[in-house]
Amino acid sequence: MNQNSPNPEDATTAPSPATPTDTRDTGAVEAPASAEQRLAELEARHTEVSDAYLRAKAEAENTRRRAEEEMAKARRFAIEGFAESLLPVKDSLETAIAIQNATPEQLLEGVHATLRQLTQALERNKVVQINPPSGTRFDPHQHQAISVVPADQDANTVVAVLQKGYVIAERVLRPALVTVAAAK
């Protein structure tokens, strides 16, 4: 035989390095290592998910808190803006009171000017008056009927406005006080 050729007996008796000698031992040893590895992976994933949950919860709480703060600021600044627009009206009234020898005509002119200032301040702040003309259909959402009177117009229509009403942002601050035509 050639010395370089492998011995057939050696091939049958010696195990190859690629094949396991005992598959039962290899399987038994790998199973616990695999379970421990899987448990470690699951614990790591649980920690990751728990951290993400806590971060999301904290972010939601921060967002809620910031929204509340912004709403409080908006309310405060809205009130400040409204008050600031009324200051010229107050100044005009104080000026009128300070004039000692004002004639009735001067006072009336001052009152009209002050009323214009007040009307402009209300309009800037979206306060709109309700002053329905005679013959307008009675609207219980914007009008308050004080009395029903006989009139030469359709029933349930405004005859006269006794006191103007006001709305702000489509919300009634005060309904207009009106008399309404009676049914014939």
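Higher on the page you've got the structure.
Residues numbered from 1 in each chain as written. Predicted model: local features only at pLDDT ≥ 70, side-chain atom pairs only at ≥ 80, totals over all residues. Heavy atoms only, no water.

### Brief notes about the packing of aromatic side chains
For step 1, the next point in the chain: A full pass over the atoms with the stated rule returns zero aromatic pairs.
For step 2, the next point in the chain: Above the ring of phenylalanine 77, the side-chain terminus of arginine 76 is found at 5.0 Å from the ring centroid. (Phe/Tyr/Trp six-rings, centres within 6.5 Å; stacked < 30°, edge-to-face > 60°. Lys NZ or Arg CZ within 6 Å of the ring centre and 35° of its normal.)

### Focus: the pattern of salt bridges
For step 1, the next point in the chain: In the structure shown here, the tally under the stated rule is seven salt bridges.
For step 2, the next point in the chain: The residue arginine 66 makes a salt bridge to glutamate 59 at a minimum N-O spacing of 3.4 Å.
For step 3, the next point in the chain: In this structure, the salt-bridge partner of glutamate 94 is lysine 90, at a minimum N-O distance of 2.2 Å. Residue glutamate 94 and its partner lysine 90 are both found in helix H2 (residues 23–98); the two are separated by four residues, about one turn of the helix.
For step 4, the next point in the chain: On the basis of relative accessible area, lysine 90 is assigned to the partly exposed category, the value being 45%.
For step 5, the next point in the chain: Look at the salt bridges and you will find they share partners, linking Glu61, Arg64 and Glu68 into a network. (Salt bridge = Lys/Arg side-chain N within 4 Å of Asp/Glu carboxyl O. Helix = DSSP H or I, 4+ residues; strand = E, 2+ residues; numbered from the N terminus. Buried < 20%, exposed > 50% of the residue type's maximum accessible area, 1.4 Å probe, protein only.)

### A closer look at the nonpolar core
For step 1, the next point in the chain: Counting residues in hydrophobic clusters, the biggest one holds six residues: Ile130, Val158, Val167, Ala176, Val178 and Val180.
For step 2, the next point in the chain: If one sorts the elements of this core by residue count, strand S6 (residues 176–181) sits on top with three residues.
For step 3, the next point in the chain: When sequence neighbours within four positions are dropped, the list of residues in contact with valine 167 reads Lys126, Val127, Val128, Ile130, Gln142, Val172 and Leu173. (Core = buried A, V, L, I, M, F, W, Y, C linked by side-chain atoms within 4.5 Å. Contact = heavy atoms within 4.5 Å.)

### So, the pairing of strand S4 (residues 165–168)
For step 1, the next point in the chain: On S4, burial follows the alternation: Gly165 and Val167 on one face are buried, whereas Tyr166 and Ile168 on the facing-out side are not.
For step 2, the next point in the chain: Note: strand S1 (residues 127–130) against S4, four bridges, orientation antiparallel. Counted as the bridge partner of isoleucine 130 is glycine 165 from S4.
For step 3, the next point in the chain: Note: S4 against strand S5 (residues 171–174), three bridges, orientation antiparallel. Looking at the pairing, valine 167 lines up with valine 172 of S5. (Pairing = 2+ DSSP bridges.)

### Observations concerning the sheet that holds strand S2 (residues 143–149)
For step 1, the next point in the chain: One open sheet accounts for three strands, arranged S2-S6-S3; its pairing is mixed. Strands at the two margins of the open sheet, each flanked by one partner only, are S2 and strand S3 (158–163). On average, adjacent strands in this sheet sit at an angle of 30 degrees to one another, irrespective of strand direction.
For step 2, the next point in the chain: Here four bridges tie S3 to S6, and the two strands are oriented antiparallel to one another. Paired with valine 161 across the two strands is valine 178, which belongs to S6. (Axes fitted to C-alpha atoms, helices over the stretch in contact; angles between N-to-C directions.)

### Re the environment of proline 140
For step 1, the next point in the chain: Locating proline 140 in the fold gives a position in the loop between S1 and S2.
For step 2, the next point in the chain: Looking at proline 140, the relative accessible area reads 57%, which means it is exposed.

### Points about helix H3 (residues 104–124)
For step 1, the next point in the chain: Over its 21 residues, H3 runs 30 Å from end to end, which matches the ideal 30 Å to within 8%, given 1.5 Å per residue.
For step 2, the next point in the chain: For H3, the full list of buried residues reads Thr114, Ala121 and Leu122. What you see down the axis of H3 is that its buried residues fit within an arc of 95 degrees, all on one side. Opposite its buried face, H3 presents the exposed residues Glu105, Glu109, Arg116, Glu123 and Arg124, each directed more than 90 degrees away. (Expected span 1.5 Å × (residues − 1). Arc of directions from axis to C-beta.)

### Re unusual backbone geometry
For step 1, the next point in the chain: A positive phi angle, near 65 degrees, is found at lysine 126, a position not held by glycine.
For step 2, the next point in the chain: Checked against the element boundaries, lysine 126 lands in the loop between H3 and S1.
For step 3, the next point in the chain: Look at alanine 169: it is not a glycine, yet its phi comes out positive at around 50 degrees.
For step 4, the next point in the chain: With respect to the helices and strands, the residue alanine 169 is situated in the loop between S4 and S5.
For step 5, the next point in the chain: With a relative accessible area of 66%, alanine 169 lands in the exposed category.

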